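Per-entry structural report
Below, each chain spelled out in residue letters.
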Amino acid sequence: MENEVLTYDALVVGGGIAGEETALNLAKMDYKVLLVEKELSIGGKMILLSKVFPTLDCAACITTPKVSETARHPNITIFTGSEVKGIEKKGERNFEARILRNPRYVKEDACTGCQECEPVCPVVVKDQYQFDLVGRKAVFVPFSIANPRIAAIDIENCSLCGACEKACPSDAIDFSQEPEEKTYQFKSVVVATGYKLFDPIKMPRYGYGKHKNIITSMQMERELAPTRPFNTILRPGDGKMPDNLAYVLCTGSRDHTVGNPICSQVCCMYSIKQAQLLMGALPMADVTIYYLHIRSFGKGFNEFYETAKGMGVEFVKGKIGKISEKENGNLILRYDDIETGQVKEVEHDMVVLSVGILANDEIGQVFKTQKLEFDDYRYVKQIDELKRPAMTNIDGVFVAGAASGPMDIPDSILSAGSASSEAASYLAEVE
Amino acid sequence: MSKVDPKLAKDIAKYGAVDFSACYNCGNCTAVCSLTEENASFPRMMIRYSMLGMKEEILSSKELWMCYHCGDCSATCPRQADPGELMAGLRRYAIANYEPSGITKLIFKSNPFSILLTLVLATILGFFLLTMKPDFTVSRWIFSWMPYAVIHLMGLIVFSFTGLTALLGIFSMSRRLNSKHNTDSNKTKKSIFQSIGEVMTEIGTMGRYQKCSTDEGEYWSTKPNLVRPWFVHWSIMWGFIGLLVATILDFLFKDPATTIWLPSRILGTVSGLFLIYGTSLAMFYRITKPTKTYEATKLADWMFLFFLWVAGLTGFWMEVAVSFNLSETLSQVIFMIHTIISMELVILFAFSKFAHAVYRPIALYFLARNRE
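Residues numbered from 1 in each chain as written. Chains lettered and ligands numbered in written order. Predicted model: local features only at pLDDT ≥ 70, side-chain atom pairs only at ≥ 80, totals over all residues.

- The name recorded for chain B in an unreviewed UniProt entry is QmoC protein, from Prolixibacter bellariivorans.

- Chain A is annotated in an unreviewed UniProt entry as 4Fe-4S ferredoxin-type domain-containing protein of Prolixibacter bellariivorans.
- If you open the UniProt record of chain A and go to Cofactor (unreviewed entry), you find "FAD".
- Here chain A is described in UniProt, under the heading Sequence similarities (unreviewed entry), as follows: "Belongs to the HdrA family." (UniProt positions renumbered as here; feature names shortened; annotations may be inferred.)

**A word on the overall build of chain B**
- For chain B, the helix and strand inventory stands at 17 helices and zero strands.
- On C-alpha atoms alone, chain B measures out to a radius of gyration of 22 Å, which is about the 21 Å that the 2.2 N^0.38 rule sets for 372 residues.
- Per-residue burial over chain B gives 37% buried out of 372 residues.
- By sequence separation, contacts in chain B at least 24 residues apart represent 74% of the contacts at least 6 residues apart. (Helix = DSSP H or I, 4+ residues; strand = E, 2+ residues; numbered from the N terminus. Rg over C-alpha atoms; globule rule 2.2 N^0.38 Å. Buried ≥ 20, exposed ≤ 12 C-beta atoms within 10 Å, placed from the backbone. Contact = placed C-beta atoms within 7 Å.)

**Concerning the pairing of strand β5 (residues 76–79) of chain A**
Residues and elements named next belong to chain A.
- Covered by surrounding structure in β5 are I76 and I78 only, the residues T77 and F79 on the alternate face being uncovered.
- Looking at chain direction, strand β2 (residues 33–36) and β5 are connected through four bridges and run parallel. By the bridge assignment for β5, L35 is matched with I78. (Pairing = 2+ DSSP bridges.)

**Overview of the sheet that holds strand β20 (residues 342–348) of chain A**
Residues and elements named next belong to chain A.
- Strand order in the open sheet made by the three strands is β18-β19-β20, with antiparallel pairing throughout. Both outer strands of the open sheet, β18 (320–325) and β20, are each paired with one neighbouring strand and no more. Within the sheet, the average angular offset between the axes of one strand and its neighbour, ignoring direction, is 25°. (Axes fitted to C-alpha atoms, helices over the stretch in contact; angles between N-to-C directions.)

**Some thoughts on the domain arrangement of chain B**
Residues and elements named next belong to chain B.
- For chain B, the assigned domains are domain 1 (8–98) and domain 2 (103–369).
- With centres defined by C-alpha atoms, the gap from domain 1 to domain 2 works out at 25 Å.
- Listed by partner, the interface residues are 26 residues for domain 1 and 31 residues for domain 2.
- Mapped by element, the contributors of at least two residues to the side of domain 1 that touches domain 2 are α5 (72–76) and α6 (83–98).
- Tallying contributions element by element places α6 first for the side of domain 1 that touches domain 2, with seven residues.
- Each residue belonging to the side of domain 1 that touches domain 2 can be placed in one class, and the counts come to 12 nonpolar, eight polar and six charged. (Domains from an automatic or database assignment. Nonpolar A, V, L, I, M, F, W, Y, C, P; charged D, E, K, R; others polar.)

**Some remarks on the interface of chain B and chain A**
- Chain B puts 19 residues into the contact, and the matching count from chain A is 19 residues.
- Elements supplying a minimum of two residues to the side of chain B that touches chain A: α2 (28–32) and α3 (44–52) of chain B.
- In terms of residue count, α2 of chain B provides more of the side of chain B that touches chain A than any other element does, four residues in total.
- Each residue belonging to the side of chain B that touches chain A can be placed in one class, and the counts come to six nonpolar, nine polar and four charged.

**A word on the domain arrangement of chain A**
Residues and elements named next belong to chain A.
- Domain boundaries assigned for chain A yield domain 1 (7–101 + 180–194 + 360–428), domain 2 (103–178) and domain 3 (198–357).
- Summarising the inter-unit geometry, the C-alpha centres of domain 2 and domain 3 are found 34 Å apart.
- Looking at the side of domain 2 that touches domain 3 residue by residue, the classes come out as five nonpolar, two polar and no charged.

**What about the UniProt feature "transmembrane region" (unreviewed entry) in chain B?**
All names here are of chain B.
- When the UniProt feature table is mapped onto this chain, "transmembrane region" (unreviewed entry) is found at residues 113–130, 150–171, 231–253, 265–287, 299–318 and 330–351.
- Secondary structure over residues 265–287 splits into 100% helix and 0% strand, and the C-alpha atoms at its two ends are 33 Å apart.
- What you have in residues 299–318 is 100% helix and 0% strand, and the ends, taken at the C-alpha atoms, are 28 Å apart.

**Concerning helix α2 (residues 59–72) of chain A**
Residue and element names in this part refer to chain A.
- Here α2 contains 14 residues, and its C-alpha end-to-end distance of 20 Å stays within 8% of the 20 Å for a straight helix at 1.5 Å per residue.
- Those residues of α2 lying buried are A59, A60, T63, V67 and T70. Along the axis of α2, the buried positions cluster into a sector of 95°, meaning they face one direction only. Opposite the buried face of α2, at more than 90 degrees from it, the exposed residues are C61, P65 and R72.
- Structurally, α2 contributes buried residues whose contacts are with α1 (17–28), β2, β3 (51–52), β4 (57–58) and β5. (Expected span 1.5 Å × (residues − 1). Arc of directions from axis to C-beta.)

If you want it as structure tokens, here you go:
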């Protein structure tokens, strides 16, 4: 690109709901923003969700208008499939960042997203955007509501057979693309890198990854979403429609043994939400939620919890100790029933682990001259949490959304509002 | 029902369990335990009792003795409240509270006291032993101060005291467990004889202990049975019982065995080997700490184990010394050590970890009584 812009007012790292909100707010104030997203589409975790609590609005319907507004805004430039490699602060309102753009091996301006390439591709691998529930091809459009909705080639798994190149009607396939690393100038930086999900494989006593009919809450989120892979709820072991599901709360949260002693703040509510949705999707199914404490603290949350109880969702107090598998694929959950003080073993035909959220601390390696500080749980440290929650230890670097701690979608958007106004006032400040 | 007593938690902490107040009552410990069952729910229940200060509930819990401290609960506790260590601490607490003299409380709470007591006892026992050879200079010197009859009487008093205390401890525990059992009396499902049979089976096979920490992925699941804790315990226990029987047989037949092929001698040799194997491995684990179980080893654990180990080793030395005619003076000294250590084990029976040898079977009996 000949006339590529190398100078922006703000660098926003992360294209989830917090990053989009920050970028949009700044763009509307006429600041030039570069939004860098490591995935192939912006939208973050929210675009993959089914519905949001406690209103049960469709997540995709709320987030896609914001996604396309972000994508179409003239003041916002988006790099997907890209990573920030190094940020150096040279002075106030003077940051230098190296950004690596990984090739899609598909010409972005030529691809129409017609998906003609997909049927001819001989390679099938697990689809990370469906959380491994189904497969995808090595050349693929990430998901149906992705933005940009264009194909990419997963070069790690590609057999380089060239079938897609022949099938593409607009000659968009380009195997000659190479990674490109360039240095850009910014006046401020907003970290909106979100969170990681706890991987329950780290708790072998639950048998995730070994017992076939245990899935994570994010996988259930996909099964319930409008763009869901099976178009119904199935258990992965044998494709049976479950009729007795269990939710295991606090999987990887409030647990010292996995290094995450704090509450993830969203699991109680998303589990209650999923339980309500399951009541609709599988009217005959029983849903039991095993919990330590139900934390329904937000506006309308407790009413939402009461609604679930009214709908017939069972709530049982007791942490699941171990899960074993029966020959027919059903699962035996062992727990100490806190109400009666007796150890119980119950059978369910499908188990959902309500996995916690963990800090995404990779951004720490990116800051070269002045290190970005983290709190005890590896979230970006808010140096003035009560008065100016978006401030980090570096002047001109702000934090938005779950990068600063576990939070739900409305809180992420609030946090992004705070970060964007802090960034705007920093940019406008007269020296 | 006991009254709520917030001071109890502090008292229990003196017996070694310090972290249990971190518990948020999730029940993970109970759920991961392989031994907890409908009729015996632990460790969470014990943590609740401890936090609320329900002393009588603790002392009348058979559950304390259902646990073999495999450490699974502590390893997976989300709050690092170390429930396994609390169970161990409560067993010390119970041993100290069952016997009425208060000596055990001092022993478990104060390391200097327990060391001092052991040393004083060793000195007294040493003198006592020396008097068995009346023509010895030291003995003559002792006798000039204290006639033989007095020493003999003192010995009788000490052994009566220790025996009586043990009996009172057993009585105190049985009474409590029995009254608890009677309040849930509708649960009695097994006869006395069946229950005793079940206890015997457990002592013989350690069937419950074998279930500990052996789920897939747990530490002992990949280790052979010979080095697993249940077998280590089995070796120590049966080694000790075997040696006890052999000693009694020798004593009864007044035949200080001229040949090692005498049945009682063979029993003694084999048992001694088991005891040495078990205690050595147990000490090795307490030093290398392969699992959470061994992380908080107390002086009381060390003393009991070390005494058994020394008793086994010195006993075996004498066996060898007799067979190979080794130096007499050295053998005399080792015989002294062996006897002093063995006597201390017996005298301190009700005041030490050793007491579990009677308390655990009693608890197992009550467990068996109301099981299907």
